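The residues making up each chain are set out below.
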Amino acid sequence: MRWLPRRTVRLRLTLLYGALFLLAGAALLGITYVLAAGQLETKQVTISGTVPTHTLATVGAAGALQMHFSSTGPDAVPTSGTASGAGPAPSPQELQAAARVLLGGVPSKGDPTFILTQLAKDGHAIVAEQLDTQRSNELRSLLTVSGIALAIMALVSVGLGWLMAGRVLAPLGTMAARAQRISERNLHERLALEGPDDELRELADTFDGLLDRLEHAFEAQRRFVANASHELRTPLTLERAMVEVALADPAADVASLRKICERVIATGEEQERLIEALLTLARSQRGIAERESFDLADLTRRVLASRRADIRRRRLHLDLRLEPAPTSGEPRLAERLIANLVDNAIRHNHRAGLVQVATRTAAGAATISVANSGPIVPPEEVARLLEPFERLTGARRATADGSGLGLSIAAAIARAHGGALVVEAQPEGGLAVRADFPAPQRTPRPLAG
Amino acid sequence: MRVLIVEDHEELAATLALGLRREGMAVDVAHDGAGALSRTALHDYDVVVLDRDLPGMRGDDVCRALVERGTRTCVLMLTAAGAIEDRVEGLTLGADDYMPKPFAFAELVARVRALVRRAQPGLPPVLAAGDLRLDCAQRIARRGGHRLELSPKELAVLELLLTAEGAVVSPEELLERVWDEAADPFSNVVKVTVSRLRRKLGDPPLIETVPHAGYRI
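It should be emphasised that the depicted structure is a prediction, and the values quoted were computed from it without experimental measurement.

Further remarks concern the overall build of chain B. Assigned secondary structure in chain B consists of eight helices and eleven strands. For chain B, the proportion of its 217 residues judged to be buried stands at 50%. For chain B, contacts bridging at least 24 residues in sequence account for 59% of all contacts bridging at least 6. In the structure as shown, chain B presents an accessible area of about 9,600 Å², 54% of it carried by carbon and sulfur atoms.

And the structure:
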């Protein structure tokens, strides 16, 4: 089927348009034909014939008679008549009788040509005017002329249809060409279709919206990869540089080399923590396979117990309000979430600042909230904090500040549990973070009996 | 040879600086883009080793600003993103060289030296005056076939004097190019180093003192 042209929408629209036009034209032609034929049917038929004298007393010997009929056939009724005889004009009764003579004995058939032929054969009458021929001639010529006109107009309409379809579909072509140019490399480009606010424009705007969302997702992904590779490669570079520089030192002794080794190990531990955090992030983004029941208050107590010393060392005031908050999910991940929130609250705090930790059940949801005093966080920065490797003040460095993954991991864990992490900047400084967990899902017990 | 290291990871910056100083370079350190720009405005660096992934002002912006300033400073970009398109992009920004992390320290040294050599075309890798030979890459000086035991600073002073090809080099220029910003400009560190170098070079004396102007070979 190679030889067929590609069935584009333009071609199909044109063909459809042409076909519809042709159909409508043909119908119009048919109606015109039928109406015209009817019109011709009611035309007068004139028959001339020689009538035997005995039927027409008034006509005299072998007079010629001309009669007009409203139609042909055996039932034809003469409407008027003239006789060329010597006598007076025939009365209607006489005309009727003459007609019967002229048309009588003829098989009852509607074809006037046949009747006339029969009459002529009998020698009673001759065809004076072959109206049928004229009629069919007229109808044929009408048909021919109309057919030619229809054919021409059909061609014109196909041409116009092609142009019109092209014009209507032109924005689609523009969109296709622009969309083809867009790849992940230039996702910032848009179709940006101009023109009237119609369906095509709506399609293009919808597509642009999709590109917006894709661009954001790609950008976040790209930033994550760039940040992750920076965070992972920088300590590797450091380790290598430390060892190489130490080895290149001609005055290196055991003590200095030992010091370098210890620093390399410390850097390695930092990397381990980072990799562990990345794996936790990946695991929590995957969702939760099996749910266990646990209480957020218990987990919070356990997390805080291991951070008592840290809190005391920084002279932080801990405000603890733990109410039962039962939920279900993966307790190890939930504990990670709580630990991340508490660690952030401890780390990004003033000396002798305040850490508020509370758990409760409200509106069917188990909630843990952690708030801390600390430097003022601009509200517009808050959304950024949830992104991997983003830290405040533009610092992006894996030092004592942590991996920069804490809040991203917490958000991913909350999402995996079907909950949400809400981060708010406190006007007096510091953050207030709340994680909502859905109420525990009871495993349906089979009914006994 | 004066080098500025711009790297936000403080320990890495310190380690690189230590290594490059051992190679006889005068090294300053900046931890962010603003610090890098203020230091490059103050001192005439031969090479800026620039981390591309700086917090705040990105390394790209620092590089662009340096190129726009039109200094003769070469930029060696360090980055964690080592894909080809990243390297191409970095070089397009005006960086003279590009090194993906992690790298071998020896390669960093070699590339810094190569950049300096490229900035001074026609300079042979082995500088010579009389029977004195200085292999800049291997950091080895020989006089009459005998190897001289020179410290990194002495080697750097010797290199600068040989590079000047007979022109006078002022003590201020020596201080600017061989010592980093930690050196006290009012100390006699240049004088002391030059006299120690003279002693090690032996006879006949090569370094000539031009009164009120400086030194020349």
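Let us keep going from here.
Residue and element names in this part refer to chain A. Ordered by their spatial adjacency, five strands build an open sheet running β6-β8-β9-β11-β10, and the pairing between neighbours is mixed. If you trace the sheet from one side to the other, it starts and ends with β6 (317-322) and β10 (420-425), each paired once. Neighbour to neighbour, the strand axes of the sheet diverge by 10° on average, direction disregarded. With six bridges joining them, β6 and strand β8 (residues 354-362) adopt parallel strand pairing.

In this section: the side chain of Glu7 of chain B. Mapped onto the elements of the fold, Glu7 of chain B is located in the loop between β1 (2-6) and α1 (10-22). Glu7 of chain B gets classed as buried once you look at its relative accessible area, which sits at 0%.

Attention shifts here to the packing of aromatic side chains. For the structure shown, the criterion picks out zero aromatic pairs over all chains. Across from the ring centre of Trp162 of chain A, 4.1 Å away, lies the NZ or CZ of Arg10 of chain A, which sits over that ring.

What follows deals with the interface of chain B and chain A. On the chain A side, the residues contacting the 25 residues of chain B number 19 residues. Summed over the three residues of chain B that lose the most area to chain A, namely His9, Arg22 and Pro102 of chain B, the buried surface amounts to 24% of that side. Applying the counting criterion to the chain B and chain A interface returns two salt bridges. Here Asp249 of chain A makes a salt bridge to Arg22 of chain B, at a shortest N to O gap of 3.0 Å. There are seven residue pairs in polar contact (both at pLDDT 80 or more) connecting chain B and chain A. Contributions of two or more residues to the side of chain B that touches chain A are made by α1 and α5 (105-119) of chain B. Considering every element that reaches the side of chain B that touches chain A, the biggest residue donor is α1 of chain B, with eight residues. For the side of chain B that touches chain A, the class distribution of residues is eleven nonpolar, four polar and ten charged.

On the surface, Ile148, Ile152, Met153, Val156, Leu160, Trp162 and Leu163 of chain A cluster together into a nonpolar patch covering about 670 Å² of accessible area. You can see Leu160 of chain A is positioned in helix α4 (residues 131-181).

What follows concerns the pattern of salt bridges. Taken as a whole, this structure holds 29 salt bridges over all chains when the rule is applied. Close ionic contact of Glu154 of chain B with Arg196 of chain B constitutes a salt bridge, the shortest N to O distance being 2.6 Å. Of the two residues, Glu154 of chain B sits in helix α6 (residues 152-163) while Arg196 of chain B sits in helix α8 (residues 189-201), which places them 42 residues apart along the sequence. Of the residues examined, Glu154 of chain B reaches a relative accessible area of 1% and is grouped as buried. What makes Arg196 of chain B partly exposed here is its relative accessible area of 29%. When salt bridges with common partners are traced through the structure, they connect Arg190, Asp212 and Glu215 of chain A into a single cluster.

Moving on, we come to the sheet that holds strand β2 (residues 26-30) of chain B. All names here are of chain B. Within the open sheet, the five strands sit side by side as β2-β1-β3-β4-β5. Their pairing is parallel. Bordering the open sheet on either side are β2 and β5 (97-100), each of which pairs with just one other strand. Neighbour to neighbour, the strand axes of the sheet diverge by 20° on average, direction disregarded. Along the sheet, helix α4 (residues 84-92) makes contact with β4 (74-79) and β5, crossing β5 at roughly 150°.

Another point: the pairing of strand β7 (residues 132-135) of chain B. Residues and elements named next belong to chain B. Going residue by residue along β7, you find Leu132 and Leu134 tucked away on one face and Arg133 and Asp135 left uncovered on the opposite face. Sheet analysis places strand β6 (residues 126-129) next to β7, joined by four bridges and oriented antiparallel. The residue bridging Leu127 from the neighbouring strand is Leu134, located in β7. Between β6 and β7, which follow one another and run antiparallel, lie two residues, and Gly130 among them has a positive phi close to 60°. With four bridges joining them, β7 and strand β8 (residues 140-143) adopt antiparallel strand pairing. Of the residues in β8, the one forming a bridge with Arg133 is Arg142. Between β7 and β8, which pair antiparallel and follow one another directly, the connecting turn spans four residues, one of which, Arg139, has a positive phi of 55°.

Following Lys101 of chain B, the chain continues into Pro102 of chain B via a peptide bond in cis, with omega recorded as -10°. Mapped onto the fold, Pro102 of chain B is located in the loop between β5 and α5. Its identity as a non-glycine residue notwithstanding, Ala363 of chain A has a phi of 55°, on the positive side. The class of Ala363 of chain A is exposed, set by a relative accessible area of 87%. In this model, His212 of chain B sits at a positive phi of 60°, which is unusual for a non-glycine residue. Topologically, His212 of chain B is positioned in the loop between β10 (208-210) and β11 (214-216). His212 of chain B sits in the exposed class, given a relative accessible area of 90%.

Reading the values: the criteria
- Residues numbered from 1 in each chain as written.
- Chains lettered and ligands numbered in written order.
- Predicted model: local features only at pLDDT ≥ 70, side-chain atom pairs only at ≥ 80, totals over all residues.
- Heavy atoms only, no water.
- Helix = DSSP H or I, 4+ residues; strand = E, 2+ residues; numbered from the N terminus.
- Buried < 20%, exposed > 50% of the residue type's maximum accessible area, 1.4 Å probe, protein only.
- Contact = heavy atoms within 4.5 Å.
- Areas by Shrake-Rupley, 256 points an atom, 1.4 Å probe, with all protein chains shown as cover.
- Pairing = 2+ DSSP bridges.
- Axes fitted to C-alpha atoms, helices over the stretch in contact; angles between N-to-C directions.
- Phe/Tyr/Trp six-rings, centres within 6.5 Å; stacked < 30°, edge-to-face > 60°.
- Lys NZ or Arg CZ within 6 Å of the ring centre and 35° of its normal.
- Buried area = accessible area lost by both parts, 1.4 Å probe.
- Salt bridge = Lys/Arg side-chain N within 4 Å of Asp/Glu carboxyl O.
- Polar contact = N/O pair within 3.5 Å; in protein donor to acceptor, adjacent residues only side chain to side chain.
- Nonpolar A, V, L, I, M, F, W, Y, C, P; charged D, E, K, R; others polar.
- Patch = residues over 30% accessible without salt bridge, like charges linked within 9 Å, V, L, I, M, F, W, Y side chains within 5 Å.

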